[in-house]
Amino acid sequence: MAMTLRVVVPPHPLIGHWLTVLRFRETPPALYATALQELGRWLSYEALRDWLPHRREAVLTDQGETEGTVVERDVPLLAMPVLPAGLELWQGARSVLPDAALCLEGVPAAIESRAGVIVFKDTISDGFSTLALLQQLVDRGIDGRRLRLVTAVCASPGLKRIGEAIPDLTLHTACIDPDLNDAGEIVPGIGDPSRRLNLRTAGRD
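Residues numbered from 1 in each chain as written. Predicted model: local features only at pLDDT ≥ 70, side-chain atom pairs only at ≥ 80, totals over all residues. Heavy atoms only, no water.

Caption draft 1: How the structure looks around the overall build of the protein chain. Along the backbone of the protein chain there are six helices and 10 strands. Here the C-alpha atoms of the protein chain give a radius of gyration of 18 Å, agreeing with the 17 Å that 2.2 N^0.38 yields for 205 residues. Expressed as lengths along the three principal axes of its C-alpha atoms, the size of the protein chain is roughly 65 × 40 × 30 Å. A buried classification covers 43% of the 205 residues belonging to the protein chain. When the accessible area of the protein chain is evaluated, it comes to approximately 11100 Å², of which 52% is carbon and sulfur surface. (Helix = DSSP H or I, 4+ residues; strand = E, 2+ residues; numbered from the N terminus. Rg over C-alpha atoms; globule rule 2.2 N^0.38 Å. Buried < 20%, exposed > 50% of the residue type's maximum accessible area, 1.4 Å probe, protein only. Areas by Shrake-Rupley, 256 points an atom, 1.4 Å probe, with all protein chains shown as cover.)

Caption draft 2: Inspection of the packing of helix 4 (residues 128-139) against helix 5 (residues 156-165) at higher detail. Between helix 4 and helix 5, whose axes approach to 9 Å, the crossing angle comes to 20 degrees. The angle between helix 4 and helix 5 falls in the class roughly parallel. Seen from above, helix 4 lies across helix 5 with right-handed handedness. Each of Phe128, Thr130, Leu131 and Leu134 in helix 4 lies in contact with helix 5, whose residues at this interface are Arg161, Ile162 and Ala165. (Axes fitted to C-alpha atoms, helices over the stretch in contact; angles between N-to-C directions. Parallel < 35°, antiparallel > 145°, perpendicular 65-115°, else oblique. Left-handed = near helix turned anticlockwise from the far one by under 90°. Contact = heavy atoms within 4.5 Å.)

Caption draft 3: Region of interest: the packing of helix 2 (residues 29-48) against helix 3 (residues 86-93). Taken N-terminus to C-terminus, the directions of helix 2 and helix 3 make an angle of 55 degrees; their axes are 6 Å apart at the nearest point. Classed by the angle they form, the pair helix 2 and helix 3 counts as oblique. For the crossing formed where helix 2 meets helix 3, the hand is right-handed. Every residue of helix 3 that contacts helix 2 at Ala33, Leu36, Gln37, Leu39, Gly40, Arg41 and Ser44 is listed here: Glu88, Leu89, Gln91, Gly92 and Ala93. Grouping the constituent residues of the contact of helix 2 with helix 3 by class yields five nonpolar, five polar and two charged. (Nonpolar A, V, L, I, M, F, W, Y, C, P; charged D, E, K, R; others polar.)

Caption draft 4: Broad picture of the nonpolar core. With 33 residues, the main nonpolar core has Leu22, Leu39, Leu97, Ile118 and Phe120 as its most contacted residues. Going through the elements one at a time, helix 1 (13-23), helix 2, strand 4 (77-81), helix 3, strand 6 (116-124), strand 7 (147-155) and strand 8 (169-177) are the ones with two or more residues in this core. The biggest single contributor to this core is helix 2, with eight residues. By size, the runner-up hydrophobic cluster in this structure holds 22 residues, among which are Val119, Leu137, Ile166 and Leu169. (Core = buried A, V, L, I, M, F, W, Y, C linked by side-chain atoms within 4.5 Å.)

Caption draft 5: Region of interest: the pattern of salt bridges. Applying the stated criterion to the full structure yields nine salt bridges. Residue Arg25 is joined to Glu26 by a salt bridge in which the shortest nitrogen-to-oxygen separation is 3.7 Å. Just as Arg25 is exposed, Glu26 falls in that class too. Glu57 serves as the salt-bridge partner of Arg55, at 2.7 Å between the closest nitrogen and oxygen. Accessibility expressed as a relative area gives 32% for Arg55, which makes it partly exposed. (Salt bridge = Lys/Arg side-chain N within 4 Å of Asp/Glu carboxyl O.)

Caption draft 6: The environment of Glu112, seen in detail. Residue placement: Glu112 occurs in the loop between strand 5 (101-102) and strand 6. Remark: the alpha-carbon pair of Glu112 and Leu77, spanning 35 residues in sequence, is separated by 9.3 Å. For Glu112, the residues in contact, after removing those within four places along its chain, are Pro76, Leu78 and Arg146.

Caption draft 7: Spotlight on the pairing of strand 2 (residues 54-61). Where strand 2 meets strand 3 (residues 64-71), eight bridges bridge the pair, whose relative direction is antiparallel. Within the sheet, the bridge partner assigned to Arg56 lies in strand 3 and is Thr69. (Pairing = 2+ DSSP bridges.)

Caption draft 8: Spatial organisation of the packing of aromatic side chains. Evaluation of the coordinates by the stated rule reveals one aromatic pair. Taken together, a centroid distance of 6.0 Å and an interplanar angle of 55 degrees make the contact between Trp90 and Phe120 tilted. Here Trp90, found in helix 3, pairs with Phe120, found in strand 6; they are 30 residues apart in sequence, far enough to count as distant. Neither residue differs from the other here; Trp90 and Phe120 are each classed as buried. The ring of Phe128 has Arg161 sitting right over it, with the charged end atom 3.9 Å from the ring centre. (Phe/Tyr/Trp six-rings, centres within 6.5 Å; stacked < 30°, edge-to-face > 60°. Lys NZ or Arg CZ within 6 Å of the ring centre and 35° of its normal.)

By themselves, these observations are geometric and do not establish any function.
So, in structure tokens, the structure goes:
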């Protein structure tokens, strides 16, 4: 069976602007965090466009009846940021996903049968760690049609690896960079998000 990966790079000037802020090596940590949050907001907005469950419903206005669109609240939506820097993408996305359940520290113990899952990953380079997380979700019965992946920047080698393994997945990103350097870093990329956010984690100076 052919494996398909749909990659969406929205041609929005605000997305391009905040990507440029991330790329600039002199951007201070606070503004770098803001840029990730803004990309999380705009990319999530785009990801929900054709995916968020909704219905048409009659509604009364002051001038009579018309038909409106209502989001289906009985379909669970799970937000899964990959820590630490993926949390910044989620901070921006939460304004357009106010009812999403936040899942920290990996795949939750319980996932409803109809739930949709959005994974927030700061960057995707070779794709190995991202694919491992996605595979855990697939093993829990979450196929690609119920998944959305939001990332600031990704590299072609990582996309190829993910696309060969997870069918029907849709990924939203600000840019696809072509290459990795000898250290496995995305070129031109946005630097190391954890370092540029001035984050410290266990075992890290």
